[in-house]
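Below are the chains, spelled out letter by letter.
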Amino acid sequence: MSSDNAAQEAGRDVPGDGEPVWDVVVVGAGPAGASAAYAAASTGRKVLLLEKAELPRYKTCGGGIIGPSRDALPPGFELPLRDRVHAVTFSLNGKLTRTRRSKRTLFGLINRPEFDAGLVEVARKAGAEVRTGVTVSRVEQHGSAVPDRRTVAIVLGDGETLLARAVVGADGSAGRIGAHVGVKLDQVDLGLEAEIPVPATVAEDWAGRVHLDWGPIPGSYGWVFPKGDTLTVGVISARGEGAGTKRYLEDFIARLGLAGFEPSISSGHLTRCRSDDSPLSRGRVLVCGDAAGLLEPWTREGISFALRSGRLAGEWAVRIAEAQDAVDARRQALNYAFAIKAGLGVEMGVGRRMLTLFERRPGLIHAAVTGFRPAWHAFARITRGTTTLAEIVRTHPVARRVLSAMDKH
């Protein structure tokens, strides 16, 4: 068998110069990229997943796995849960503390290094090839590196050029692919986090219970997520409040009685939400997850958005790879954008309105979720994945009236 035929047998075709072409190249191996690679590879296409770090690697993230995340996981994926949450302690900047409990699990907690590495392994088992320690310097859809109009060139940091019929950018909100697509971001927040190892007596007190504190800076909140012998403690608020955010984290840790324990990791991360008119594709290149600015604006929850948008991006990238011309590729890319906006986009719209309400009236949110049983039940159903914030606003007149009243102010 000739080398050309061998390449075609392997699922790649070969342009005139003999360079093999991947069906789909995914850049970034977080939950969005791994989901995209899994979805594309599951169809039997030749898929390459690129990651600049070596896996497993640490990510600043609370690690909460809510219902929509669980439901978007590949079939049979075993969640490496560190704890199952049955109770939530709410406080309003350290005051008016109240704990609500549930007989059923509300959500699960994971460590991102294990979770992400597990998802990559599932993509690999589905047939994706994985390369770590690889940086992408640029993507080209025209020019000398591109042999034909059905091909995208991915130029790596060491000068190597890869060819693909479709590219999925899942390389984070500051990544190269989002810049190539022209992603526009309109909400930037700073998250600070500490991983705090604690003695068994302290860990027991936190087992099965998280703490959510509505913070002193408009739109800010803090969290404690127990992970066995370690507590993940973090806060988030709008960028530009760096000193205030750092002070909030220090005060929060002190109030919790955790100031005497040395964090094993202290980290920070910027989260970025897309603007409504931000593109999700350019030519044969799609973006998903953080690279597309897809996350819930109020809670800044990103894992479920990464998993869901990644899966869609992988499915539509296969269709783009099969497109014979630019018109067909464009049609498939628009269909991808429509699928994102119809689902995640609607949720983001309601999340923005909730953030505005929360920024102005955190006390109202606190009073509702701690003292108004339907609000607590709504919180529980959202975290379990039996409903969404958007669905509640659509179907509950009280919720709709409250948000509409805030919209007018």
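Higher on the page you've got the structure.
Criteria and thresholds
The written sequence of each chain sets the order in which its residues are numbered from 1. In keeping with the predicted nature of the model, local features appear solely for residues at pLDDT of at least 70, side-chain atom pairs appear and are counted solely at 80 or more, and the whole-chain, interface and lining totals rest on all residues. Calculation of side-chain values draws on the structure's entire complement of heavy atoms; hydrogens and water are dropped beforehand. The helix and strand labels rest on DSSP assignments: H or I over at least four residues marks a helix, E over at least two residues marks a strand, and numbering proceeds from the N terminus. Note that the radius of gyration is over C-alpha atoms, with the globule rule given as 2.2 Å times the number of residues to the power 0.38. Whether a residue is buried, partly exposed or exposed follows from its accessible area with a 1.4 Å probe, protein chains only, as a fraction of its type maximum: under 20%, in between, or over 50%, in that order. Residue contacts are counted whenever heavy atoms from the two residues lie within 4.5 Å of one another. The accessible surface values rely on the Shrake-Rupley method and a 1.4 Å probe; as for residues, cover is taken only from the protein chains in view. One less than the residue count of a helix, multiplied by 1.5 Å, gives the span that helix is expected to have. A pair is scored as a salt bridge if a Lys or Arg side-chain nitrogen falls within 4 Å of a carboxyl oxygen belonging to Asp or Glu. Paired strands are those between which DSSP finds at least two bridges. Angles run from 0 to 180 degrees between N-to-C directions of axes, and those axes are lines fitted to C-alpha atoms, restricted for helices to the stretch in contact.

A.B. asks: Even after reading the chapter, I still don't get the overall build of the protein, so can you show me in this structure?
C.D. replies: Across its full length, the protein holds 13 helices and 18 strands. A compact globule built from 409 residues would reach a C-alpha radius of gyration of about 22 Å, and the protein, at 22 Å, matches this within 12%. With the C-alpha coordinates of the protein rotated into their principal frame, the extents come out at 70 × 50 × 40 Å. Relative to its full complement of 409 residues, the protein shows a buried share of 53%. Excluding contacts between residues fewer than 6 apart, the proportion of contacts in the protein whose partners are at least 24 apart in sequence is 72%. For the protein, the exposed area adds up to about 17700 Å²; of that, 52% sits on carbon and sulfur atoms.

A.B. asks: Is there a simple way to explain helix α7 (residues 242-255) in this structure?
C.D. replies: Residue pairs three or four apart in sequence face the same way in an α-helix, which turns once every 3.6 residues. Between its first and last C-alpha atoms α7 spans 20 Å; for 14 residues at 1.5 Å apiece the expected length is 20 Å, and the two agree. For α7, every residue scored as buried is listed here: Gly244, Thr245, Tyr248, Leu249, Phe252 and Ile253. Tucked into the core, α7 has its buried residues touching β12 (185-197), β13 (209-214), β14 (221-227) and β15 (230-238). Directly beyond the C-terminal end of α7, a positive phi value near 75° is found at Gly257.

A.B. asks: How should I be thinking about the pattern of salt bridges in this particular structure?
C.D. replies: Two side chains that carry opposite charge are able to pair once their charged atoms sit near each other. Inspection of the entire model under this criterion finds 18 salt bridges. Here Glu160 ties to Arg131 by a salt bridge, and the two come within 3.1 Å at their closest N and O atoms. Residue Glu160 is found in the loop between β10 (152-156) and β11 (161-169), and its partner Arg131 is found in strand β8 (residues 129-132); the two are separated by 29 residues along the sequence. Judged by relative accessible area, Glu160 falls into the partly exposed class, the value being 31%. Lys246 serves as the salt-bridge partner of Glu250, at 3.1 Å between the closest nitrogen and oxygen. Of this pair, Glu250 and Lys246 both sit in helix α7, 4 residues apart, roughly one helical turn. Overall, Glu250 belongs to the partly exposed group, its relative accessible area being 45%. Owing to a relative accessible area of 48%, Lys246 belongs among the partly exposed residues under this scheme.

A.B. asks: Is there a simple way to think about the sheet that holds strand β6 (residues 95-101) in this case?
C.D. replies: Within a beta sheet, neighbouring strands are joined by backbone hydrogen bonds and run either parallel or antiparallel to one another. The sheet built from 7 strands is open, its strands ordered β6-β5-β13-β14-β15-β12-β16 with mixed pairing. On the outer flanks of this sheet lie β6 and β16 (265-274), each paired with one strand and no other. The sheet shows a mean angle of 20° between the axes of neighbouring strands, direction not considered. As paired strands, β12 and β16 are joined by 10 bridges and run antiparallel to one another. In the strand pairing of β16, Ala194 is matched with Ser266. Each of β12, β13, β14 and β16 is contacted by helix α9 (residues 326-360), which is oriented at about 110° to β16, the strand it contacts most. The sheet strands contacting helix α11 (residues 373-384) are β5 (87-92), β6 and β13, and the helix crosses β5 at an angle near 120°.

A.B. asks: Explain the environment of Ala380 to me, please; I cannot follow it from the model alone.
C.D. replies: Inspection of the secondary structure assignment puts Ala380 in helix α11. With 263 residues separating them along the chain, Ala380 and Ala117 place their C-alpha atoms 29 Å apart.

Function cannot be inferred from these measures alone, as they are strictly geometric.
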